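A look at the structure
Below are the chains, spelled out letter by letter.
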Amino acid sequence: MSRDNESVVLDRAEIDELLGRGGVGVLALADDNDPYAVPISYGYEAEAGDVYLRLGFGTDSEKREYVEQSNRAVLVVTVEGDRGWQSVVVRGPLSEIPEASIDGTIVEAIRSIDIPFFTITEEPVQELDYQLYRLQPDEVTGRREKPPAGIE
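Presented here is an overview of the structure given in this document. (Residues numbered from 1 in each chain as written. Predicted model: local features only at pLDDT ≥ 70, side-chain atom pairs only at ≥ 80, totals over all residues. Heavy atoms only, no water.)

1. Quick look at the overall build of the protein chain
In terms of helices and strands, the protein chain carries three helices and eight strands. Within the span of the protein chain, comprising 152 residues, buried residues form 37% of the whole. For the protein chain, the proportion of contacts with a sequence separation of at least 24, taken over those separated by at least 6, is 72%. Carbon and sulfur atoms provide 46% of the accessible area of the protein chain, an area that totals close to 9200 Å². (Helix = DSSP H or I, 4+ residues; strand = E, 2+ residues; numbered from the N terminus. Buried < 20%, exposed > 50% of the residue type's maximum accessible area, 1.4 Å probe, protein only. Contact = heavy atoms within 4.5 Å. Areas by Shrake-Rupley, 256 points an atom, 1.4 Å probe, with all protein chains shown as cover.)

Dropping the structure here:
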């Protein structure tokens, strides 16, 4: 069975709606041919199309090493609902937003989104070094489960 029979491409409004919920996704990075993926918290600012990530780094953080080595990142967000699964894949450059450079536009964007605290570390949350990053998409794709015939 081909993939076209199993899923439907999401339009821009559907992608914005799914990403606009904010929440948790999987961030994929690479150092040459060595891949790395980790669940992270994110928020989405639909007007600019930017994804904001709050990354927490522990002592000797493997995540920090990959963030520093990767020129590009991929964020995968999936949800399961009454109508089946939906997923969005966001690709683009990932850049740190230094605290000193956070201007009014970024502050407004961050205030308008909810980035949940999600962490998977053995270190106490208060001991992590949190940094804000922006993923500026140059490619965004989305798909959803195709309902059985006659249900759409």
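2. Quick look at the nonpolar core
Ranked by size, the top nonpolar core spans 25 residues in total, and within it Leu 19, Tyr 42, Leu 53 and Leu 94 carry the most contacts. When contributions to this core are tallied by element, the ones reaching two or more residues are α1 (12-20), β2 (23-31), β3 (34-45), β4 (50-57), α2 (62-69), β5 (72-81), β6 (84-96) and β7 (129-135). In terms of residue count, the dominant contributor to this core is β3 (five residues). Each residue touching Leu 53, except ones within four places of it in the same chain, is listed here: Leu 27, Ile 40, Ser 41, Tyr 42, Leu 94, Gln 131, Leu 132 and Tyr 133. (Core = buried A, V, L, I, M, F, W, Y, C linked by side-chain atoms within 4.5 Å.)

3. Some words on the pattern of salt bridges
By the definition in use, this model includes five salt bridges. A salt bridge links Glu 17 to Arg 21; the shortest N-O distance between them is 3.0 Å. Looking at Glu 17, the relative accessible area reads 42%, which means it is partly exposed. Between Arg 72 and Asp 138 there is a salt bridge; the shortest N-O distance is 2.7 Å. (Salt bridge = Lys/Arg side-chain N within 4 Å of Asp/Glu carboxyl O.)

4. Topic: the pairing of β5
Both faces of the sheet carry side chains from a regular strand, because those side chains alternate between them. Strand direction decides the pairing type here: β2 and β5, joined by three bridges, are antiparallel. Within β5, the residue paired with Val 26 across the bridge is Val 76. (Pairing = 2+ DSSP bridges.)

5. Description of the packing of aromatic side chains
Per the counting criterion, the structure on display carries two aromatic pairs. Ring plane angle 10° and centroid distance 4.6 Å describe the contact between Tyr 36 and Tyr 66, whose orientation is recorded as stacked. Here Tyr 36, found in strand β3, pairs with Tyr 66, found in helix α2; they are 30 residues apart in sequence, far enough to count as distant. Look at Tyr 36 and you get buried, because its relative accessible area is 15%. Between Phe 57 and Tyr 133, the aromatic rings sit 6.3 Å apart at their centres with planes inclined by 75°, giving edge-to-face as the arrangement. Here Phe 57 is found in strand β4, whereas its partner Tyr 133 is found in strand β7, with 76 residues between them in sequence. For the pair shown, Phe 57 and Tyr 133 are each scored as buried. (Phe/Tyr/Trp six-rings, centres within 6.5 Å; stacked < 30°, edge-to-face > 60°.)

6. Topic: unusual backbone geometry
Note: most residues except glycine have negative phi, and most peptide bonds are trans. Of note in the backbone geometry, Asp 32 takes a positive phi value of approximately 55° without being a glycine. Turning to its location among the elements, Asp 32 is positioned in the loop between β2 and β3. Assessed through its relative accessible area of 72%, Asp 32 is described here as exposed. Unusually for a residue other than glycine, Asp 60 sits at a positive phi of about 55°. Looking at where Asp 60 falls in the secondary structure, it is placed in the loop between β4 and α2. The class of Asp 60 is exposed, set by a relative accessible area of 74%.

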